[in-house]
Amino acid sequence: MAKVKNWGVATINKSNEIKIYSLSKPKDLDKSADSLELEDSLEGLMDDALETLENKTVNITRFGEYDEQNLIEESSFYLDLDSQAPPEQFAYIKKGLRVRNENLLSEAPQIGVDQESLTRLDNKDEKIKFLILEVWNQFFLAYINPYSQIIKHKVGISVGKYPTKLAIDYGIVFPNYLSAVLDIETGRLSVISVIDFERMF
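Remember, predicted model here, so these are calculated numbers, not experimental data. (Residues numbered from 1 in each chain as written. Predicted model: local features only at pLDDT ≥ 70, side-chain atom pairs only at ≥ 80, totals over all residues. Heavy atoms only, no water.)

**Some remarks on the packing of aromatic side chains**
Both the distance between ring centres and the angle between the ring planes are used here to describe each pair of aromatic rings.
Then, number 1: Scanning the model with the defined rule gives eight aromatic pairs in all.
Then, number 2: Ring plane angle 90° and centroid distance 6.5 Å describe the contact between phenylalanine 77 and phenylalanine 197, whose orientation is recorded as edge-to-face. You can see phenylalanine 77 sitting in strand β4 (residues 77-80) and its partner phenylalanine 197 sitting in helix α5 (residues 194-200), a full 120 residues away along the chain.
Then, number 3: Residue classification places phenylalanine 77 among the buried residues on the basis of a relative accessible area of 0%.
Then, number 4: Given the relative accessible area of 3%, phenylalanine 197 is considered buried.
Then, number 5: A ring pair is formed by tyrosine 92 and phenylalanine 201, whose centres lie 6.1 Å apart and whose planes are at 85°; its orientation type is edge-to-face. With tyrosine 92 in helix α3 (residues 91-97) and phenylalanine 201 in the segment after α5, this residue pair connects regions lying 109 residues apart in the sequence. (Phe/Tyr/Trp six-rings, centres within 6.5 Å; stacked < 30°, edge-to-face > 60°. Helix = DSSP H or I, 4+ residues; strand = E, 2+ residues; numbered from the N terminus. Buried < 20%, exposed > 50% of the residue type's maximum accessible area, 1.4 Å probe, protein only.)

Here it is as structure tokens:
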């Protein structure tokens, strides 16, 4: 089974700037027995979540190189972000995803999935748009709908004949599908779902 080494989220602001935040280690994590147990449980949770991705085994080596028709026809493609001159519309994506190369998540600022962190992002007009999972030598990118998959203190869900109230504090609904895969060493971006990829940015 694949193991998730690091995980985080990417936000986009009104200027189309991509910012990466790490969710891998809670900021108050130390090396006590309780904290190490928490770290293990978080890693196990992400490994389990990875297994729920329905298209994680798609063969990206069969994708063709990007041309403008891919976006029109919504067909999968690859693009080498480290090439001399990537297409203009991908320049800010390269800047956001390749600035730290393999340290994209390990050097990113830490945030939590809590009221304080999500409110801080809202105040900066940053919307969480995709999840990043570091698996082997790749970053798995999965689109997150900022309106339906970011939970901010939802209460009052009724189920069935008798009303049932559920209170959900803050959280992120894990995506079902991968949108793209970024090779850490080569900078090759393989876009699996063009529709979700465009929604990410």
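**Quick word on the confidence of the model for the protein chain**
Then, number 1: Per-residue confidence for the protein chain gives a mean pLDDT of 81, with 77% of residues at or over 70.
Then, number 2: No element of the protein chain has a lower mean pLDDT than helix α1 (residues 33-51), at 59, and none a higher one than strand β10 (residues 188-191), at 95.
Then, number 3: Low confidence marks residues 26-38, where pLDDT is under 50. Its contacts with residues over four positions away, or in another chain, come to twelve contacts. (pLDDT = per-residue confidence, 0-100. Contact = heavy atoms within 4.5 Å.)

**Let's talk about unusual backbone geometry**
Then, number 1: Positive phi, close to 60°, is recorded for asparagine 16, a residue that is not glycine.
Then, number 2: Mapping asparagine 16 onto the fold places it in the loop between β1 (4-12) and β2 (18-22).
Then, number 3: Its identity as a non-glycine residue notwithstanding, aspartate 125 has a phi of 55°, on the positive side.
Then, number 4: Residue position: aspartate 125 is located in the loop between α4 (115-123) and β5 (127-135).

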